[in-house]
Each structure stands twice: as C-alpha cells, then as structure tokens.
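Results of the structural survey
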Amino acid sequence: MKIKIVCLLVLFVGFASCKDAKTANIEHKELLVLADSLELKQNEYDDLIDSVNTLNKKSDLFYRKIHIQKKEIDRLRSRNKILSDENKRLTDQNKKAPISKAEKAIQNMVFKMHDAWASIAKSKDPKEVLVFFNKKYLINRITIEADDTASVARFSQDDYEEYIRESILSIDGFSVEFADVDFLDIEIKDDAYFNVAYKCVMGSYVNDRLHETNSLLVTITGKNIDGEWGISSYSWVNFKYGE
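Residues numbered from 1 in each chain as written. Predicted model: local features only at pLDDT ≥ 70, side-chain atom pairs only at ≥ 80, totals over all residues. Heavy atoms only, no water.

1. Thoughts on the overall build of the chain
Helix and strand content of the chain: 6 helices and 6 strands. Secondary structure of the chain in N-to-C order comes out as α-α-α-α-α-β-β-α-β-β-β-β. Burial statistics for the chain: of 243 residues in total, 35% are counted as buried. Within the chain, contacts between residues separated by at least 24 positions form 56% of all contacts whose residues are at least 6 apart in sequence. Element-wise, carbon and sulfur atoms account for 57% of the exposed surface of the chain, whose accessible area totals about 15,300 Å². (Helix = DSSP H or I, 4+ residues; strand = E, 2+ residues; numbered from the N terminus. Buried < 20%, exposed > 50% of the residue type's maximum accessible area, 1.4 Å probe, protein only. Contact = heavy atoms within 4.5 Å. Areas by Shrake-Rupley, 256 points an atom, 1.4 Å probe, with all protein chains shown as cover.)

2. Examining the sheet that holds strand 6 (residues 228-241)
Judged by pairing direction, the sheet is mixed, and its 6 strands sit side by side in the order 2-1-6-5-4-3 without closing on themselves. The open sheet terminates on both sides in strands that have one partner only, identified here as strand 2 (150-156) and strand 3 (174-189). With strand direction ignored, the average angle separating the axes of adjacent strands in the sheet is 15 degrees. For strand 1 (residues 133-144) and strand 6, the ladder comprises 8 bridges, and the chain directions are parallel. Bridge pairing in strand 6 places Ile 139 opposite Tyr 234. (Pairing = 2+ DSSP bridges. Axes fitted to C-alpha atoms, helices over the stretch in contact; angles between N-to-C directions.)

3. Re the pattern of salt bridges
Applying the stated criterion across every chain yields a total of 6 salt bridges. A salt bridge links Glu 161 to Arg 165, with the shortest nitrogen-to-oxygen separation between them at 3.1 Å. With a gap of 4 residues between them, Glu 161 and Arg 165 both fall in helix 6 (residues 160-169), about one helical turn apart. Of the residues examined, Glu 161 reaches a relative accessible area of 23% and is grouped as partly exposed. Owing to a relative accessible area of 37%, Arg 165 belongs among the partly exposed residues under this scheme. Salt-bridge contacts for Lys 240 lead to Glu 212; the nearest nitrogen and oxygen are separated by 3.6 Å. (Salt bridge = Lys/Arg side-chain N within 4 Å of Asp/Glu carboxyl O.)

4. A closer look at unusual backbone geometry
One can expect most non-glycine residues to show negative phi and most peptide bonds to be in trans. The backbone phi angle of Lys 124 is positive, close to 60 degrees, even though this residue is not glycine. Checked against the element boundaries, Lys 124 lands in the loop between helix 4 (101-123) and helix 5 (127-130). Even without being a glycine, Asp 190 presents a positive backbone phi close to 55 degrees. Along the chain, Asp 190 falls in the loop between strand 3 and strand 4 (193-206).

5. Here we look at the packing of aromatic side chains
On inspection of all chains with the given rule, the structure shows 11 aromatic pairs. Ring geometry for Phe 155 versus Tyr 163: centroids 4.4 Å apart, planes at 35 degrees, classification tilted. Classification of Phe 155 as buried rests on a relative accessible area of 12%. An aromatic cluster is built from Phe 133, Tyr 137, Phe 155, Tyr 160, Tyr 163, Tyr 234 and Trp 236, whose rings are joined through pairwise contacts. (Phe/Tyr/Trp six-rings, centres within 6.5 Å; stacked < 30°, edge-to-face > 60°.)

6. Brief notes about the side chain of Asn 214
With respect to the helices and strands, the residue Asn 214 is situated in strand 5 (residues 209-225). Here the side chain of Asn 214 touches Ser 204 through a polar contact of 3.3 Å, side chain to side chain. A polar side-chain atom of Asn 214 sits 3.3 Å from a polar atom in the side chain of Asn 238. Among all residues touching Asn 214, those that are not within four sequence positions of it are Cys 200, Val 201, Met 202, Ser 204, Asn 238, Phe 239 and Lys 240. (Polar contact = N/O pair within 3.5 Å; in protein donor to acceptor, adjacent residues only side chain to side chain.)

7. A closer look at a negative patch on the surface
Together, Asp 158, Asp 159, Glu 162 and Glu 166 give the surface a local cluster of negative charge. Along the chain, the position of Glu 166 falls in helix 6. On the basis of relative accessibility, which here comes to 51%, the residue Glu 166 falls in the exposed class. (Patch = residues over 30% accessible without salt bridge, like charges linked within 9 Å, V, L, I, M, F, W, Y side chains within 5 Å. Lys, Arg positive; Asp, Glu negative; His and termini not counted. Charge placed at Lys NZ, Arg CZ, Asp CG, Glu CD.)

8. Describing the environment of Phe 239
Along the chain, Phe 239 turns up in strand 6. Between the alpha carbons of Phe 239 and Ala 146 there is a distance of 7.5 Å; along the sequence they are 93 residues apart. What Phe 239 contacts, discounting residues up to four positions off in sequence, is Ile 144, Thr 213, Asn 214 and Ser 215.

Note that every value here comes from positions in space, so none of it alone points to a role or purpose.
Okay, here's the thing in structure tokens:
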C-alpha cells in the first residue's frame, strides 16, 4: 500500500512540474508576442522577459515602450529647436551669423554627453560620461529639492566617478534622460577655450516610470586638446519637481 502511495505522489509531482513548465513556456511566448507587437528590439526587452510574473511584465513592457517613444520625441524636439534657431539666424540679416563649425561641435558634444548619461543605466560604466571631460575638472552642483530643501555639492576628477557609481548606478532600474535643450550662449576664444550655457529638462526614471522632473541651468567651460573639445568645469542649478 505504501509503495502505491509513493508511486502516486511521484506521478502527481511529475504532472505538476510538467504543467508548471508548460505554463511558464506559454507565459514566455505571450511576452515575446507582446514585445513584437510593440515593435521593441530584442535588446530593449531582454531584461524583462525572464520572469514568471506575466501580468506585471506585460505592464513593464508597455511602460518601456512609452519611455522609448518619449525619449525619441524629446530627442527630435531638441534637434528641431536647434535647426529652427539656425534657420532664423540665416533668414534674418539683423541677427547673428550662422552657427560656426566649432559651435556646432560643442553642441554635438553636449548631446552626446546627454546620450551617455542615459546609456550608463545599462552599461554601468561611468567612463561613458567621463570621456567628455579633460584629465582635470571641477563639478559644481546646486539642487533645490521638490520639498524646497537645498543642497550644494562639489566634485573633481578624484571623486566624481565614485559619486556616479554610488549615487546613480547603485540604484536598481534608475536612469536619467535629457530633453528640451535650449542653448543660451556659446563663446569660443581663439579656437582653444569655450563656454556654453544652456537650459534643459532632465527626467529621472525608475524602471521606465517617471520619478522626478528636473529643470536645469547648465554652464560648461572647457578646452580644445588635440582637436577634441573637453570639459574642465561643469556647473548646474537643478530645480526638482515631482512626477
């Protein structure tokens, strides 16, 4: 009798395991079909697929799609504003001359740096951002929090990488992205030094969900070394708002 009971238990466990495996496989296929219907590239959803919680992961896929679309809209809007401003300067003889090659290079450096800030959320490599800085640099930051408390911070080449790792990359699912860049002024001296001031919006995201909106006024001063524009001083004032 005991042998029969043991056999029945083995059969039941085997059946349950087989059923669970089939269910997990169906859920996995459902997620893949949903990702394909949302036109997500494989590298944009790989980290969300391997989970048994199908309902939550379906929701995560939709949030990921919305986040990606917003990022692309923000990128196009920023570039369109640059082109629009340049067009106004070309058509109005009373305004400044068209943007110079050096000014364009500095603007592109800013955009590439912003893209790097977004990409390190996955790469976890601060050097993607730090490559835009010269060997020696200073960072100055003034932050007004959403609750109106304020903080001031200062960094250099000695501790900024550590700050990025501990305060940004250590937060699971956290990322920052920039939008609505408005260049206020660019000054270049003897094709060697530059100063650029601009305003922009920075969104803080946690698992593709908007966490905070930040209004930034940024000033960057730097130098051209061996044909490459690099940052020597990076300062910003940040007003934080809720979602």
